[in-house]
Amino acid sequence: MTNRIQEPNGGGGGRQEAPWDPLEKLKARARQALLCYPERAPRPAAELGPIYKRFLKMEQHRLRFLHNGGAGGFEVCRRRSALCDLVLENLFKESFSRLHPGRDFMDCPAQLVALGGYGRGLLNPGSDIDLLFLLAAPARRLPAETKQMIEQIIPLLWDAGLKVSHTVWDVKEAAQRSLADDRTLTSLLEARLIVGRTATFEGLQEMFERQCLKGRQRENLERRRQDLDQRRGKHRTVFLQEPNVKRGCGGLRDYHNLIWLAHLQFGTNNLEAFLGAGILSAADLREVERAHDLLLRVRNGLHFATRPPTDILTLRLQGVLATQFGYPQANILRRCEEFMRDYYRHTRQLYLHLGKVMERLKIAQLEEDDRGLMSFLARRRRPRESFDGFESWQGRLYAQGKDLFREDPVRIMRAFRHAQQRELALSPDLTELIRESYPLINRAFRYDRKVFHVFEAILSRPGEVYRTLKQMHRVGVLGRYLPEFGALTCLVQHEFFHRYTADYHTLLCTAKLDELAGSDRTDVVFFQEMFRSIEDPFVLYLALLLHDTGRAENVRLHSDASAILASRVCRRLQIRGERRRLLLFLVDHHLTFWRTATTKNVDDPETVTEFAGVVRNKRYLDALYLFTLVDSRATNEEAWSDWKAQLMQQLYTSTLLYWEKGESFRLEARQPDETMREGMLRKLGESYREEVEAHLRLMPPRYFPFRKVGQAALHVQMAHDFMACCLEQAGDPLAVVLHWLKREGGGYSELTVVTWDRPFLVARVAGALAAHGINILSADIFSRDDDIAVDVFRVCTTDFMPVTAASTQRSIRRMLEQALAAERFDFRPLIEKACTRAALSAREAGEFPQRVHLDNRADRRTTLVEVQAVDRLGLLYDLLEIVDKLDLELVSSRISTENGAALDSLWVVRRLGGKVVEPAEQENLLRQLERALANPAGKA
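Keep in mind that what you see is a predicted model, and the values were worked out from it rather than measured. All chains use their own residue numbering, which begins from 1 and follows the written sequence. At least 70 in pLDDT is required for a residue's local features to be given in this predicted model, at least 80 for side-chain atom pairs to be given and counted, and no such filter applies to totals for whole chains, interfaces and linings, which use all residues. The basis for every side-chain value is the complete set of non-hydrogen atoms in the structure, without hydrogens or water.

Visitor: Run through the overall build of the protein, naming residues and quoting values.
Guide: Counting secondary structure elements, the protein contains 41 helices and 16 strands. Residue burial in the protein is summarised as follows: out of 940 residues, 56% are buried. Here, residues are in contact when the closest pair of their heavy atoms is within 4.5 Å. Sequence-distant contacts in the protein: of pairs separated by 6 or more residues, those separated by 24 or more amount to 72%. Per-residue and other accessible areas follow the Shrake-Rupley method at a 1.4 Å probe size, with only the shown protein chains counted as cover for residues. Taken as a whole, the protein presents about 40,200 Å² of accessible surface, with 50% of it coming from carbon and sulfur. Numbered from the N terminus, helices here are DSSP runs of H or I no shorter than four residues, and strands are runs of E no shorter than two. Each residue is assigned to one of three classes by its accessible area relative to the maximum for its type, calculated with a 1.4 Å probe on protein chains only: buried under 20%, partly exposed between the two thresholds, exposed over 50%.

The structure is reproduced here in structure tokens:
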């Protein structure tokens, strides 16, 4: 397809401008539609707005048709800029002539100048127009008529549908502001005269060059470096799941920085200045221009598709543009993945080329310093060190000859080992030499034991691995040495819970592991000790590199494919014995710990027993725990919570306890022991003995696993208060007792509800919580044999904080009492209001595959209902309402939220007993749950 973004202009590379005769056609249409001055007398200002608005709207439609027909981004932006030039020139002339009849508009003391992107002559469909009314004399001497003219033009532009920002400066003021403000400086670098006296504009350029640029190359370069560091610190990487096309790493702002650097260093906006200076090659420039055209085209698509226009390439808009750009894959997800892979490949090149320019300009400054009169002491402090055909200087690694790698290909890997040992960065020249040596990274190189031993040494230095692997990946060596990892390059993971591409996520895993080696955070001391006890960190780092390689295979279970690829790597690198077994275990089960902790009931001894059987021993358990921790935090740091950490810690501790006690672990967990009984009596007093005995006798066996004495005592006290409340209200069955407990360090509150068991009870609790903007993390549902319900909910606010406001707790109690008293209580309007009040940013359901799955094999007593859906307030209420309506009971639940996706597990039984096994019952349950996902309560 010629419309795809890797061939942005119909299959060619770089810019291919259309013949500029369309500009003459545009002028002809303008003359007909606008009756431009001087072809007719100036009109009242009030008449101009609607006329220009109709004309701009019509021309915007033409631009959209041009874009939809496959025109390159550069072409569409150039034409919109020309359109705005035409409109502004005519408005300027007509406004001046209306105030100064008979005078030549060149007499106007104000000149109209385009700044920024408009100054470059490139405007996206929704971009603002930055204007400067340039004065030859100070503004205080500006004639009143000219002030009036400016005050008329700006509202007219807004009325016509253009977004305009403007300033009024004289030549001297513009130059002075550039010295103080970096944004003004870069805007004036690309200033372009639209209409007015050329002499005034040239005077600005001359003063700007003399005062702001000449002799300030170092200062301006440092300002650019600081700006880049700040922006890259915010956006972090090219490989964000939803990148900012303008300001993100590898975005349009990186191209703009290349333009600015060319002007600051060489006095021209032509990027070929870098070619002449030997900083970039001709191939580099072609890649830069292709990336620029791509970004303009993508931004055009975003601006045409949204109102107001956005620069964020969201998951939904990725699907829109992938389809619009003609990607042929039948599945929308596959189209998005291919489109985004092209996007990342281009923007990555732009990002790297900007980094290369900045680095070479910095090196040029250092070399200039080194040649200076004061360089003697500097050379003594930073001597050049030679070793193995390399040399280090100023924190960079250089090659001592062009034949370095041909003489010994193993040096390619040793270059990174030297950089790691000496904390060096690869110089741009060495990077280019490595890229020229790609053919040497062949089959023989990959099987070479000497190469492997160097690679093994790199991965055996905890705390220093990520930086080296990042350099290897950036240069292209890592993916060539490990083709299994190379297949992940720029591979989109179109899932809610992944923020980055597969390759960047994998490298970020190694960064999180490195952090454990040198972190001074008190909350990771436990993991630091565990990491130090790992005998062979090489295996852990290599497993991280390989754990997601199966994603490139397009299979349903990527962990299985990753294990097969990891086995292939082991054969090639001759990794054998226990090393191989641990590596394959970690890759094959890299999701097991996380899924067990967050989607299964870790209070159930059967869950712990099954998990312990998979893990087999403490050495594997520790390695898998570390692996899961860094994998989870590298997936999406914001989705990590104290609640999830607590679930993982509980599973880890319970597994160790199972290995300690053996089979008695399950038996002890399912019945109260004497220690619990005595502990409850000590807390409550001897007067509660009869109630304690009754509670322990009436509670189901699944209540006792991991139930602490304090919790059980609280439940007895609440049951006591509940019965007292019922007696006070003459046996009113609607009585309810609530207890809130803030879990310190857990990021959630524990809400216990005690009342008579009844249909719809759990659904109504869920509804009352959702109506107050409260998320449910998990729920344990118990019913005593005397029909007293003891339900425990772990809940938090929408920003993952405990529920501590007393007014909120009182309001929830009142609403729940009202709901229990009513035969029907509709929570939907209240939940919809809470969603609006919370301003949730849940994604549209069409962007994420929603599904429901029933499993009767996961648990001996219950049916497991697994739900994957767009997260929202009221989701659990909708699900539980259906469970209640179908005469089912909720036994337990695990609610997991990942970057806007709900991954919920509900364990249910039929109210008359037993699992949901009848095909008709299963089909009805699935159908109603799927309908609830498609039609949320808030939109019913």
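Visitor: Tell me about the pattern of salt bridges, and name the residues and values.
Guide: Within this document, salt bridges are pairs made up of a side-chain nitrogen of Lys or Arg and a carboxyl oxygen of Asp or Glu, the two lying within 4 Å of each other. What the rule picks out here adds up to 49 salt bridges. Ionic pairing is found between R422 and E385, a salt bridge with its closest N-O pair at 3.6 Å. Residue R422 is located in helix α17 (residues 411-422), and its partner E385 is located in strand β5 (residues 385-387); the two are separated by 37 residues in the primary sequence. A salt bridge links E921 to R910, with the shortest nitrogen-to-oxygen separation between them at 3.3 Å.

Visitor: Mind laying out the sheet that holds strand β2 (residues 129-135), listing which residues take part and the relevant values?
Guide: Taking strand neighbours across the sheet as the criterion, the four strands line up as β3-β2-β1-β4 in an open arrangement whose pairing is mixed. On the outer flanks of this sheet lie β3 (164-170) and β4 (192-195), each paired with one strand and no other. Shown here is a sheet whose adjacent strand axes are inclined to one another by a mean of 35°, direction ignored. Here the rule is simple: two strands pair whenever DSSP picks up at least two bridges between them. By the bridge criterion, five bridges tie strand β1 (residues 110-114) to β2 in an arrangement that is antiparallel. Axis lines are fitted through C-alpha atoms, for helices just across the contact stretch, and the angle between N-to-C directions can take any value from 0 to 180 degrees.

Visitor: Account for the sheet that holds β5, with residues named and values stated.
Guide: Spatially, four strands are ordered β5-β6-β7-β8 in an open sheet, and the strand pairing comes out mixed. Pairing within the sheet leaves two strands with one partner each, and these edge strands are β5 and β8 (425-426). In terms of strand pairing, strand β7 (residues 396-399) meets β8 through two bridges, oriented parallel. If you follow L397 over to β8, its bridge partner there is L426.

Visitor: Could you give me a rundown of the packing of helix α12 (residues 282-305) against helix α13 (residues 315-324), with the residues and numbers involved?
Guide: Where α12 contacts α13, the axes come no closer than 10 Å and their chain directions differ by 115°. The pairing of α12 with α13 is recorded here as roughly perpendicular in orientation. Taken as a pair, α12 and α13 cross one another with a handedness that is right-handed. Judged by residue contacts, V298, G301, L302 and A305 of α12 engage L317, L321 and Q324 from α13. Angle categories are assigned with fixed cut-offs, so that under 35 degrees is roughly parallel, over 145 is roughly antiparallel, 65 to 115 is roughly perpendicular, and the rest are oblique. It is the rotation of the near helix from the far one that decides the hand of a crossing: anticlockwise by less than a right angle makes it left-handed, clockwise makes it right-handed.

Visitor: Tell me about the environment of F74, and please be specific about residues and values.
Guide: Here F74 lies in helix α3 (residues 73-99). Separated by 222 residues in sequence, F74 and L296 have C-alpha atoms that sit 6.3 Å apart.

Visitor: Please set out the packing of aromatic side chains residue by residue, giving values where relevant.
Guide: Aromatic rings from Phe, Tyr and Trp, with only the six-membered ring used for Trp, were paired whenever their centres fell within 6.5 Å, and each pair was classed as stacked if the ring planes differed by under 30 degrees, edge-to-face if by over 60, and tilted otherwise. Summed over the entire model, instances satisfying the criterion amount to 25 aromatic pairs. A centroid spacing of 4.8 Å and a plane angle of 35° characterise the contact between F585 and Y620, whose relative ring orientation is tilted. Taken together, the residues F585 in helix α28 (residues 577-588) and Y620 in helix α31 (residues 618-635) connect sequence positions 35 residues apart. For F585, a relative accessible area of 4% gives the class buried. One aromatic cluster is present, built from ring pairs that chain together F526, F527, F593, F611, Y625 and Y652. Sitting above the plane of the Y118 ring, R192 keeps its charged end 5.3 Å from the centroid. As a reminder, the over-ring test applies to NZ of lysine and CZ of arginine, requiring each to be within 6 Å of the ring centre and within 35 degrees of the ring normal.

Visitor: Could you give an account of the packing of helix α25 (residues 525-532) against α31, with specific residues and numbers?
Guide: Contact geometry of α25 with α31 gives a least axis separation of 10 Å together with a crossing angle of 130°. The orientation of α25 with respect to α31, classified from their angle, is oblique. Here α25 and α31 pass one another in a crossing that is left-handed. Residues F526, F527, M530 and F531 of α25 touch α31, and the partners they reach there are D622, Y625, L626 and L629.

Visitor: So what's going on with unusual backbone geometry? Residues and values would help.
Guide: Omega for the bond connecting R307 with P308 falls within 30 degrees of zero, at -5°, which places this linkage in the cis form. Checked against the element boundaries, P308 lands in the loop between α12 and α13. At D887, a position not held by glycine, the phi torsion is positive, near 55°. The residue D887 is located in the loop between α40 (875-885) and β15 (888-898) in this model.

Visitor: Tell me about α3, and please be specific about residues and values.
Guide: In a regular helix each residue adds 1.5 Å, so 27 residues correspond to 39 Å; α3 covers 39 Å between its end C-alpha atoms and thus fits that length. In terms of burial, α3 is largely enclosed, as 22 of its 27 residues are buried. Expected span of a helix: the number of residues minus one, times 1.5 Å.

Visitor: Describe helix α29 (residues 592-599), with residues and values.
Guide: Among the eight residues that make up α29, six are buried, leaving the element largely enclosed by the rest of the structure. Residues of α29 that are buried: F593, W594, T596, A597, T598 and T599.

Visitor: Please set out the pairing of β7 residue by residue, giving values where relevant.
Guide: Regular strands place their side chains on alternate faces of the sheet. In this sheet, β7 lies alongside strand β6 (residues 390-393) in antiparallel orientation, the contact comprising four bridges. Bridge pairing in β7 links W393 to R396. Linkage of β6 to β7, two consecutive antiparallel strands, is achieved through a turn of two residues, within which Q394 is found at a positive phi near 55°.

Visitor: If you had to explain the side chain of E289 to someone new, which residues and values would you point to?
Guide: Relative to the assigned elements, E289 resides in helix α12. Of the residues examined, E289 reaches a relative accessible area of 16% and is grouped as buried. Within polar-contact distance, the side chain of E289 engages the side chain of Y255 at 3.3 Å. The term polar contact refers here to a pair of N or O atoms within 3.5 Å; inside protein, the definition further demands a hydrogen-donor-capable atom paired with an acceptor-capable atom, and it admits residues adjacent in sequence only when both atoms are side-chain atoms.

Visitor: Outline the environment of E209, supporting the account with residue identities and numerical values.
Guide: Structurally, the position occupied by E209 is in helix α8 (residues 198-213). With 20 residues separating them along the chain, E209 and L189 place their C-alpha atoms 9.1 Å apart. Other than its neighbours up to four places away in sequence, E209 contacts K214 and H263.

Visitor: Break down the confidence of the model for the protein for me, citing the residues and quoting the values.
Guide: A low pLDDT means the predicted coordinates there should not be read in detail. Averaged over all residues, the pLDDT of the protein is 85; the fraction at 70 or higher stands at 89%. In predicted models, pLDDT denotes the confidence assigned by the predictor to each residue on a 0 to 100 scale. Scored below 50 in pLDDT, residues 376-381 shows one contact in the model against residues more than four places distant or in partner chains.

Visitor: I'd like a description of the environment of K234, backed by residues and values.
Guide: With respect to the secondary-structure elements, K234 resides in helix α9 (residues 217-235). Between the alpha carbons of K234 and C249 there is a distance of 9.3 Å; along the sequence they are 15 residues apart.

Visitor: Which residues make up the side chain of H695, and what values do they have?
Guide: Tracing the backbone through its elements, the reader meets H695 in helix α35 (residues 689-698). When its relative accessible area of 0% is taken as the criterion, H695 is described as buried. What H695 contacts, discounting residues up to four positions off in sequence, is M680, Y703, A712, H715, V716 and R784.

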